[in-house]
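Analysis of the macromolecular model
If you want the building blocks of each chain, they are given just below.
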Amino acid sequence: MDFNLSEEQETLQEMACDFIRERWPADCAREALDKRPAVIGADVWQEILEMGWLGVAAGEDVGGIGGDVLTAAVLSQEAGRGLLPGPFQSSLIAALAVDRSGNDAIRSELVPQLIDGSLRATVAIEEPGGRYGPDAIAAKVRADADGWRLTGSKLLVPDADSAALLIVGAQTPDGLGWVRVRADAQGVEIRKMERMDAQSCSEVVFENAPVEGDALLGDERSLREAYDIWTVLLAADLLGSAEASLELTRRYAIERVQFGRPIGTFQAVSHRLANHLVDVEIGRSLLYGACLALDEKRDNAAPLVSAAKAWLSDAAVAAAESALQIHGGVGFTWEYDVHLHMRRSRCNAAILGDADYHRDRVADYMDESWVPPVKA
Amino acid sequence: MDLTFSEEDEAYRAELRQWLSDNIGGGGGGGGESANAMMKRAESSDESKNDPLAGARAWPRTLHDAGYVGLAWPKAYGGQDASFTQQVICADEMARVRTPPLINTIGLSIIGPTLVQHGTEEQKKRFLPRILRADDLWCQGFSEPEAGSDLASLRCRAEIDGDEFVVNGQKVWTSLAPISDWIFMLVRTDPDAPKREGISYLLADMKTPGITVRPLRNAAGGSHFSEVFFDNVRVPREHLVGELNGGWQIARSSLDHERSGLSGVVALEETLGRLWRMASNLDRGDHKAVEEPSTRRALAQHWIEIEGLRHLGFRTLSNQIAGKPPGAGSSVGKLFASETRNQLTRTALRVEGPLAPIAKRSPHVVDRGRWHAAYFDALAHSIGGGTSEVMRNVIAEKVLELPRPAED
Ligand SMILES: Cc1cc2nc3c(=O)[nH]c(=O)nc-3n(C[C@H](O)[C@H](O)[C@H](O)COP(=O)(O)OP(=O)(O)OC[C@H]3O[C@@H](n4cnc5c(N)ncnc54)[C@H](O)[C@@H]3O)c2cc1C
């Protein structure tokens, strides 16, 4: 029984935290709001690739470190805390999606390139129409004389503007699954969308676009698994945001004096922060639980992932809102970091399923498979 | 990271599970009574020689004979010297099958551990085995009319007179006082010292002349707690626990005798299961309550909260097994568990809708009125044992390290 981060994970976490603070200080995120989109500079990106961050959870046989989902989540958490933008997370999930696609040939060909950065890929799931998740995927692949062709539209695709390869969830002749499409292929149009936190995201429209290899990259199971892994990485990012908002506010509540005493002595302030601390600790616990369940491929992995995402979506936004309120006037200034965390958490809370979508997923699980303990 | 236990611990679990299924299939030896029912029976019993609580004592005795109470206590006083993990497994398994409540819970969970840690050899020998077998039932005399959250301002005083203390004053909210044989209490022994330094920890026999118990009816209608008055009550000096005027530290440590949050989680999950069943059966015109999005989302949110609590419990437990302090988990767990319980019962009454007002004896009542009782019970939990506001103060000061508001 050991339900804490391992020593290696703790070390990685500290290193990542220090690295991001030094190489991507909050001012970078602030400036990017004017100079959109927010993107990691080439030199910092190179260092991240050299540290092997994209391969922490990929298999050793394909150049990864063989870690688990939790190790990847630890990095996402630090990205959230340090406001690190793309293409970090989209590259991480692209590598993981291919690593776990079950398609050995493509896995051993692509994952090494995805990890060392020589191939930039991103993942596209969500579509127009206002519904979330794999079940709302309508993009369709049909087979014609020249091979497989993809038609459909994807929204909020992260870092599509700089990706060479798109990994796309679609209905195919072989069922729901993943296909690969080159970003520069005929029939692919990438249109910029603007995120509140200036991270890159695009609408991608496919019009009879050729599918690489004329085959599935991964089946429905692998699509759903990758969706869950991506969701849990976003939950980790949200945890990092929530912790950052809480820590900013905690420090401010100690420093700021009004009525002759630190504002942290007012219970209207301290109890609000205590509630956020509780929310953060519950969120961290749910996140660990979801990662472990994914790694152990347990039956309740999907509802635990949804639990973490729903909880942390609410918790991170609430912590950011309290941060703004408790900072008073300066909290509403451009120069304070409060709004940066607010922007990021607001975006991530609404991506890959908002809290209500994930509560619905939990309710469906309760309906179908949950077995509560019964009194003897 | 892993959530598995050692083979030895799993064997312990399997043996316990078997024992439980052999021993509570038939209804747990009549111990399954609520505290209220026990009290009623105790009050209404005539002074016959028969012990009115014999039934309620049977279950803890059965457990003791099998070695499943006093796990953490030394063997010398009837305990088991069991490992921390085994204590957790035991609490978990008992919760899982919802073993009957233990009439000697206060003794087992508060005064027993306090005596193990701070009692004299004499006190341990005399009291611990009798706590384990429910021969003695104990109540806790901490709160007073003027001293609740601010417990250290308590006034009930004890003066030394030869080999005895003479106690005068009042305690209040004393749970289970009428059926208790002994009371452990905090008294002021030095009125001139700073308030935390003039308090002592005493044990008193409830039959001592000068003690009067006056049961109070609680908001839920039961009589779970009482006022206890002390009028020149003489307590032998050997019933002092720890040093004279050293009672505050001891009381603090007994407030810290927390259990792993895991057993509470199972009970919450069972409650949520009942709530789901209730919502699945309740008609709302052409559909069932459970089909409504607002209900589904509320119940899903409770599932999420309970999983959060369970996994927080795993973290606390891992720290304790590794010999580290429990961390943020304990105060966070207490606060979040009582808040979750409150929300859960509130949701239940909301789901009942137009039937929510209907009380126990009506044929229209939902689930035999259990949700009204659960609702009151949940509300009491965010007061007893440290109010939720006090827990937030603790988190603010101890975890967030915010400055302490000036006192007085
Ligand atoms: C069902 C039940 C059983 C109990 N059993 C026992 C028992 O067996 N033995 C025993 O000794 N006691 C028992 N108690 C008493 C319990 O410990 C006290 O009720 C509790 O500590 C609160 O004290 P109080 O009632 O005096 O409320 P107060 O302390 O007067 O509190 C009133 C309100 O003010 C708030 N408040 C107080 N101080 C602060 C502060 N610093 N910051 C913010 N808010 C504050 C509280 O949160 C509360 O909402 C029991 C209580 C209940 C409800």
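Conventions and cut-offs
- Residues numbered from 1 in each chain as written.
- Chains lettered and ligands numbered in written order.
- Predicted model: local features only at pLDDT ≥ 70, side-chain atom pairs only at ≥ 80, totals over all residues.
- Heavy atoms only, no water.
- Helix = DSSP H or I, 4+ residues; strand = E, 2+ residues; numbered from the N terminus.
- Buried < 20%, exposed > 50% of the residue type's maximum accessible area, 1.4 Å probe, protein only.
- Contact = heavy atoms within 4.5 Å.
- Areas by Shrake-Rupley, 256 points an atom, 1.4 Å probe, with all protein chains shown as cover.
- Expected span 1.5 Å × (residues − 1).
- Bend = angle between axes of the 7 residues up to and from the residue.
- Phe/Tyr/Trp six-rings, centres within 6.5 Å; stacked < 30°, edge-to-face > 60°.
- Core = buried A, V, L, I, M, F, W, Y, C linked by side-chain atoms within 4.5 Å.
- Buried area = accessible area lost by both parts, 1.4 Å probe.
- Salt bridge = Lys/Arg side-chain N within 4 Å of Asp/Glu carboxyl O.
- Polar contact = N/O pair within 3.5 Å; in protein donor to acceptor, adjacent residues only side chain to side chain.
- Near = heavy atom within 4 Å.
- Pairing = 2+ DSSP bridges.
- Axes fitted to C-alpha atoms, helices over the stretch in contact; angles between N-to-C directions.
- Parallel < 35°, antiparallel > 145°, perpendicular 65-115°, else oblique.
- Left-handed = near helix turned anticlockwise from the far one by under 90°.
- Nonpolar A, V, L, I, M, F, W, Y, C, P; charged D, E, K, R; others polar.
- Domains from an automatic or database assignment.

1. Points about the overall build of chain B
Looking only at helices and strands, chain B has 12 helices and 10 strands in total. For chain B, buried positions account for 49% of its 408 residues. In chain B, the share of contacts with a sequence separation of at least 24, taken over all contacts with a separation of at least 6, comes to 72%. Carbon and sulfur atoms form 50% of the exposed surface of chain B, whose accessible area is close to 18900 Å².

2. With respect to helix H5 (residues 105–118) of chain B
Residues and elements named next belong to chain B. The terminal C-alpha atoms of H5, which comprises 14 residues, lie 19 Å apart, in line with the 20 Å expected from a rise of 1.5 Å per residue. The sharpest bend along H5 measures roughly 40° and falls at Ile-111, with the proline Pro-113 sitting one to four residues further on. The buried count for H5 comes to 10 of 14 residues, which makes it a mostly enclosed element. By the burial criterion, the buried members of H5 are Ile-106, Gly-107, Leu-108, Ser-109, Ile-110, Ile-111, Gly-112, Pro-113, Thr-114 and Leu-115.

3. Let's talk about the packing of aromatic side chains
Tallying each qualifying case throughout the model produces 20 aromatic pairs over all chains. With a centroid separation of 6.1 Å and 75° between ring planes, the pair formed by A:Phe3 and A:Tyr288 is classed as edge-to-face. Note that A:Phe3 is positioned in the segment before helix H1 (7–23) and A:Tyr288 in helix H8 (residues 267–295), a separation of 285 residues in sequence. Comparing A:Phe3 with A:Tyr288 shows no difference in burial state: the two are buried. Relative to B:Trp182, the ring of B:Trp138 lies with its centre 5.6 Å away and its plane at 25°, an arrangement referred to as stacked. Of this pair, B:Trp138 sits in strand S1 (residues 138–141) while B:Trp182 sits in strand S4 (residues 182–188); the two residues are 44 residues apart in sequence, bridging distant segments of the chain.

4. Overview of the nonpolar core
Among the nonpolar cores identified, the biggest contains 195 residues, and A:Trp53, A:Phe88, B:Tyr201, B:Leu203 and B:Trp303 are the most heavily contacted of them. A total of 16 residues in this core trace back to one element, the largest contributor, which is helix H7 (residues 220–255) of chain A. In contact with B:Trp303, not counting residues within four places along its chain, are A:Pro303, A:Leu304, A:Ala307, A:Val362, A:Tyr365, A:Met366, A:Trp370 and B:Leu272. Counting 21 residues, the second largest nonpolar core, distinct from the first, contains A:Val168, A:Ala170, A:Ala183 and A:Ala209.

5. Comments concerning the interface of chain B and chain A
Contacts between the two partners involve 51 residues from chain B and, on the opposite side, 50 residues from chain A. Approximately 4800 Å² of surface area, both sides summed, lies buried where chain B meets chain A, with 69% of it carried by carbon and sulfur atoms. Summed over the shared surface of chain B and chain A, the number is five salt bridges. One can count 15 residue pairs in polar contact (both at pLDDT 80 or more) joining chain B with chain A. Going through the elements one at a time, helix H8 (262–281), helix H9 (293–321), helix H10 (329–352) and helix H12 (388–399) of chain B are the ones with two or more residues in the side of chain B that touches chain A.

6. Describing the site of the ligand
Taken together, 17 residues lie around the ligand, and B:Gln140, B:Ser149, B:Trp173, B:Thr387 and B:Glu389 are the ones closest in. The residues that come close to the ligand belong to more than one chain, namely chains A and B. In this structure, A:Gln267 approaches the ligand through a side-chain N or O atom, which is 2.8 Å from a nitrogen atom. One of the backbone N or O atoms of B:Gln140 is found 2.8 Å from a nitrogen atom in the ligand. In the complex, 65% of the free accessible area of the ligand, which totals 970 Å², lies under the protein chains. Listed by contribution, the elements that provide at least two residues to the shell around the ligand are strand S3 (164–175) and H12 of chain B. Counting residues per element, the shell around the ligand draws most heavily on S3(B), at three residues.

7. Overview of the pairing of strand S7 (residues 225–236) of chain B
Residue and element names in this part refer to chain B. Relative to S7, S3 runs antiparallel, the two being bridged by 10 bridges. Considered in S7, the bridge of Val-172 is made with Glu-227. Pairing between strand S6 (residues 211–215) and S7: five bridges, direction antiparallel. Bridge pairing links Ile-211 to Phe-230 in S7.

8. A few points about the pairing of strand S2 (residues 157–161) of chain B
Residues and elements named next belong to chain B. The sheet contact formed by S2 and S3 spans five bridges and is antiparallel. What sits directly across from Asp-161, in S3, is Glu-164. In this antiparallel pair of consecutive strands, S2 and S3, the connection spans two residues, and Gly-162 shows a positive phi of 65°.

9. What about the packing of helix H5 (residues 88–99) of chain A against H7(A)?
Residue and element names in this part refer to chain A. Where H5 contacts H7, the two axes come as close as 10 Å, and the packing angle between them is 150°. Between H5 and H7, the angle is such that the two are roughly antiparallel. For the pair H5 and H7, the crossing hand works out as right-handed. Each of Gln-89, Leu-92, Ile-93, Leu-96 and Ala-97 in H5 lies in contact with H7, whose residues at this interface are Ala-226, Ile-229, Trp-230, Leu-233, Leu-234 and Asp-237. For the contact of H5 with H7, a count of residues per class yields nine nonpolar, one polar and one charged.

10. Observations concerning the domain arrangement of chain B
For chain B, the assigned domains are domain 1 (7–100), domain 2 (138–246) and domain 3 (260–398). Taking only C-alpha atoms, the centre of domain 2 of chain B and the centre of domain 3 of chain B are 33 Å apart.

11. Observations concerning the domain arrangement of chain A
All names here are of chain A. Domain parsing of chain A yields domain 1 (7–119), domain 2 (123–218) and domain 3 (221–369). One C-alpha centre belongs to domain 1, the other to domain 2; they are set 22 Å apart. Each partner contributes residues to the interface: domain 1 has 19 residues there, and domain 2 has 20 residues. Contact between domain 1 and domain 2 buries roughly 1400 Å² in total, counting both sides, with carbon and sulfur atoms accounting for 64%. Taken as a group, Arg-36, Pro-37 and Ser-90 account for 28% of the area that domain 1 buries against domain 2, more than any other trio of residues on that side. Connecting domain 1 to domain 2 are one salt bridge. Between Arg-36 and Glu-194 there is a salt bridge whose closest N-O contact spans 2.9 Å. Counting across the domain 1 and domain 2 interface gives seven residue pairs in polar contact (both at pLDDT 80 or more). Only helix H2 (26–35), H5 and helix H6 (104–116) provide two or more residues apiece to the side of domain 1 that touches domain 2. A total of five residues in the side of domain 1 that touches domain 2 trace back to one element, the largest contributor, which is H5.

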